[in-house]
Amino acid sequence: MEQQGDYFIIKAKENGVHVIGLTRGQDTRFHHTEKLDKGEVMIAQFTEHTSAVKVRGKAIIMTKFGNVETEQ
Ligand code: TRP
């Protein structure tokens, strides 16, 4: 089953921002952690394996719904 979804962009505003991918399906667990340093940008997609993403640290997240900033 293909569950390719929307793209989103995360731009780190400090060193050590974590982008954590959570699994799709019955159990929701972390499956990947990506560490971004200040100014680094990650372009990612919701997929068959990833249904949610958690961002830890100061960052801007851009989605089709608009931009959102983490607070800190
Ligand atoms: N292998 C993962 C997947 O295909 C890679 C991935 C996609 C990912 N989107 C992500 C990892 C978001 C972390 C955050 O689902």
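For the structure, see preceding data.
This report concerns the structure included in the present document. None of these values were measured; they are calculated from a predicted model. (Residues numbered from 1 in each chain as written. Predicted model: local features only at pLDDT ≥ 70, side-chain atom pairs only at ≥ 80, totals over all residues.)

Section: the site of the ligand
Okay, so step 1: As a matter of local geometry, the ligand sits amid Val19, Gly21, His32, Glu34, Ala44, Gln45, Thr47, His49, Thr50 and Val53.
Okay, so step 2: For the shell around the ligand, the secondary-structure elements that each account for two or more residues are strand S2 (17-23), strand S3 (30-36), strand S4 (41-45) and strand S5 (50-56).
Okay, so step 3: A per-class count over the shell around the ligand returns three nonpolar, six polar and one charged. (Near = placed C-beta within 6 Å. Helix = DSSP H or I, 4+ residues; strand = E, 2+ residues; numbered from the N terminus. Nonpolar A, V, L, I, M, F, W, Y, C, P; charged D, E, K, R; others polar.)

Things to note about the sheet that holds S2
Two pairing modes exist for strands in a sheet, parallel and antiparallel, and in both the strands are linked by backbone hydrogen bonds.
Okay, so step 1: Read from one edge of the open sheet, three strands run S3-S2-S5, paired in antiparallel fashion. Two strands lie at the open edges of the sheet, namely S3 and S5, each paired on one side alone. For this sheet, the mean inter-axis angle between neighbouring strands, taken without regard to orientation, is 20°.
Okay, so step 2: With six bridges joining them, S2 and S3 adopt antiparallel strand pairing. Considered in S3, the bridge of Leu22 is made with Phe30. (Pairing = 2+ DSSP bridges. Axes fitted to C-alpha atoms, helices over the stretch in contact; angles between N-to-C directions.)

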